[in-house]
Structures are given as C-alpha cells and as structure tokens.
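Observations on the three-dimensional arrangement
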Amino acid sequence: DGRKLLRTDLPGATQSWDTPEKPGFVQPGPDGAPIVGMQTGVFRFAPAQGGFALIARLAQDGVRFNDACTGADGRIWAGTMDMDNRRPVGVLYSLDPGGALVAQADGFLTVNGLAWDGAQGRLFVSDSHVSVQTVWTMPARDGRLGPRAVFARFHDLPGRPDGAALGPTGDYWIAGVGGAEIYRFAPDGALAQRMAAPVSSPT
C-alpha cells in the first residue's frame, strides 16, 4: 500500500524507490533486472534510472498482482486479486521470457503460495482468503497448466496459506499468515513440520 519497491542487501541496508502503482510481486528477470507486477501490468525496473517500463498490460480492472514465482525456464507465474479482496476475479498468469502474458486459470480470491516444482513438473498455488484456505498443485508442460489437485487445506491450522517456496528436497515451505507459524509439507502433502514465527502474520 505504500507504493514502494525495496531492496535489502546482505548486511541489512535497505534502499527504496517510489512505484507508480501498488506493487504485488518482484521477480528477477532474464537479465537480472527486477520484474514488478502492479495494477495495470508487469513492469521492468531499472535501478540506475529509477524508472519502470511496461512489459505486458493487464486486461483486468480493479485488481493488482499479488504473488509470483519463476520456473526453471525463466517463465514467471503470477496471480492477481481484487483490490478489495471480495470478488473471485483473481487470475493466474504466465509471463513468458518473450513478454507474453497468458491467462492460465481463474476464479481465485487471493492468489498466493506460488512455487515451482521442477522435479515433478508442477506448480503450487494457494488461495489464502479466509473462505478458501487451500493449496493446489497443477501439472505444467510446455508453459500450459493442467487441472488443479488439492495438496493441503488450512482450515484446521491457525495460519492461512501465504508466501511459499520449494526446498531443495522437494518440501513445500509456506507462511501461515495470521497464525504466527511457518509450515513445511512433504512432497505428498503431509504436514511435516510447524515452526513458531516471531510475528503474527508472516507472509
């Protein structure tokens, strides 16, 4: 909401730049330059100039990007959400290295938990809205996604599914927003570990 792009180096110093819209995700581009998803589309950021250049325009109004991950082939997977987080108008997109933005799945309230599993050729995606709280996997081949399969449900956990990453052994790590916990799931969806977080809403 503060319309800032932040970069923190390893010693802990943080720089910030103003963004023209509310940003939702940051991913490294093919050349290492940050790719930022905002309200009207996906932008490339040039730190030296402090400017944003539009890569692909978003064909939706009243939404913004919320989460993303990058596949082994450089393709960025990113999802949108309603600005008021009330309507199920979220869409999961792929951004090809060439700059094409392709709608892959829809009907989401709050797209989150995106992580790429190259070993099993699948994409993880969650909906963290309180009415959904579910993580799915979707098989991916040649840049296209297959049908969703339920991987985990969070209704019996204190936290809702939020930001995620895939570990080196194929485990799925995900923040439990609102629950002060971080979870690790085995590749088959079994809850393998619960860890207390020092904040109530890790993302």
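The preceding data block contains the structure.
Here's what I pulled together on the structure shown here. (Residues numbered from 1 in each chain as written. Predicted model: local features only at pLDDT ≥ 70, side-chain atom pairs only at ≥ 80, totals over all residues. Heavy atoms only, no water.)

A sheet is described by the order of its strands in space; here four strands give the open sequence S7-S8-S9-S10, paired in antiparallel fashion. Of all the strands in the sheet, the pair left with one neighbour each is strand S7 (63–70) and strand S10 (101–108). Each neighbouring strand pair of the sheet contributes to a mean axis angle of 25°, computed without reference to strand direction. Bridging between S7 and strand S8 (residues 76–82) involves seven bridges; their strand directions are antiparallel. By the bridge assignment, Asp67 is partnered in S8 with Gly79. (Pairing = 2+ DSSP bridges. Helix = DSSP H or I, 4+ residues; strand = E, 2+ residues; numbered from the N terminus. Axes fitted to C-alpha atoms, helices over the stretch in contact; angles between N-to-C directions.)

What follows is about the sheet that holds strand S17 (residues 172–177). Across the sheet, which stays open at both edges, the four strands sit in the order S16-S17-S18-S19 with antiparallel pairing between neighbours. Strand pairing shows two members of the sheet lacking a second neighbour, strand S16 (160–166) and strand S19 (191–196), which therefore form its edges. Between one strand and the next, the sheet's axes are offset by a mean angle of 25°, whatever the strand orientation. In this sheet, S19 lies alongside strand S18 (residues 181–185) in antiparallel orientation, the contact comprising five bridges. If you follow Arg184 over to S19, its bridge partner there is Gln193.

Applying the stated criterion across every chain, the model contains nine salt bridges. Two residues, Lys22 and Asp1, come together in a salt bridge whose shortest N-O distance is 3.4 Å. Of this pair, Lys22 sits in the loop between strand S2 (14–18) and strand S3 (25–28) while Asp1 is found in the segment before strand S1 (4–8), placing the two residues 21 residues apart along the sequence. Here Lys22 falls in the partly exposed class, since its relative accessible area comes to 23%. We note a salt bridge from Arg75 to Asp73, for which the minimum N-O separation is 2.4 Å. Since its relative accessible area comes to 49%, Asp73 is described here as partly exposed. What emerges from the salt-bridge pattern is a single network uniting Asp73, Arg75 and Asp96. (Salt bridge = Lys/Arg side-chain N within 4 Å of Asp/Glu carboxyl O. Buried < 20%, exposed > 50% of the residue type's maximum accessible area, 1.4 Å probe, protein only.)

Our next topic: the environment of Ser94. Along the chain, Ser94 falls in strand S9 (residues 90–95). Relative accessible area serves as the criterion here: at 1%, Ser94 is assigned to the buried category. For the pair Ser94 and Gly143, spaced 49 residues apart in sequence, the C-alpha to C-alpha distance is 7.6 Å. With sequence-adjacent residues up to four places away left out, Ser94 is seen in contact with Arg75, Ile76, Trp77, Ala100, Leu101, Val102, Gln104 and Gly143. In this structure the side chain of Ser94 is engaged in a polar contact, spanning 2.9 Å, whose partner is the side chain of Gln104. (Contact = heavy atoms within 4.5 Å. Polar contact = N/O pair within 3.5 Å; in protein donor to acceptor, adjacent residues only side chain to side chain.)

Pairing of S9 with S10, which is carried by six bridges, proceeds in the antiparallel orientation. For Leu92, the partnering residue across the bridge sits in S10 and is Ala105. Between the antiparallel neighbours S9 and S10 lie five residues, among them Gly99 with a positive phi of about 105°.

So, about the nonpolar core. Residues Leu92, Phe108, Leu114, Leu123, Val125, Met138 and Leu145 are the most contacted members of the largest nonpolar core, which totals 15 residues. No other element matches the three residues that strand S13 (residues 134–141) contributes to this core. Here Val125 is in contact with Phe108, Val111, Asn112, Gly113, Leu114, Thr134, Val135, Trp136 and Met138, once residues within four sequence places are set aside. By size, the runner-up hydrophobic cluster in this structure holds 13 residues, among which are Ile35, Ala56, Phe65 and Ile76. (Core = buried A, V, L, I, M, F, W, Y, C linked by side-chain atoms within 4.5 Å.)

Turning our attention to the packing of aromatic side chains. If you walk through the whole model with that rule in mind, you get twelve aromatic pairs. For the pair Phe45 and Phe52, a centre-to-centre distance of 4.6 Å together with 35° between the ring planes defines the contact as tilted. Take Phe45: its relative accessible area is 0%, and that puts it in the buried class. Taken together, the ring pairs connect Phe124, Phe151, Phe154, Tyr172, Tyr183 and Phe185 into an aromatic cluster. Lying over the aromatic face of Trp136, Arg148 brings its terminal NZ or CZ to 5.2 Å of the ring centre. (Phe/Tyr/Trp six-rings, centres within 6.5 Å; stacked < 30°, edge-to-face > 60°. Lys NZ or Arg CZ within 6 Å of the ring centre and 35° of its normal.)

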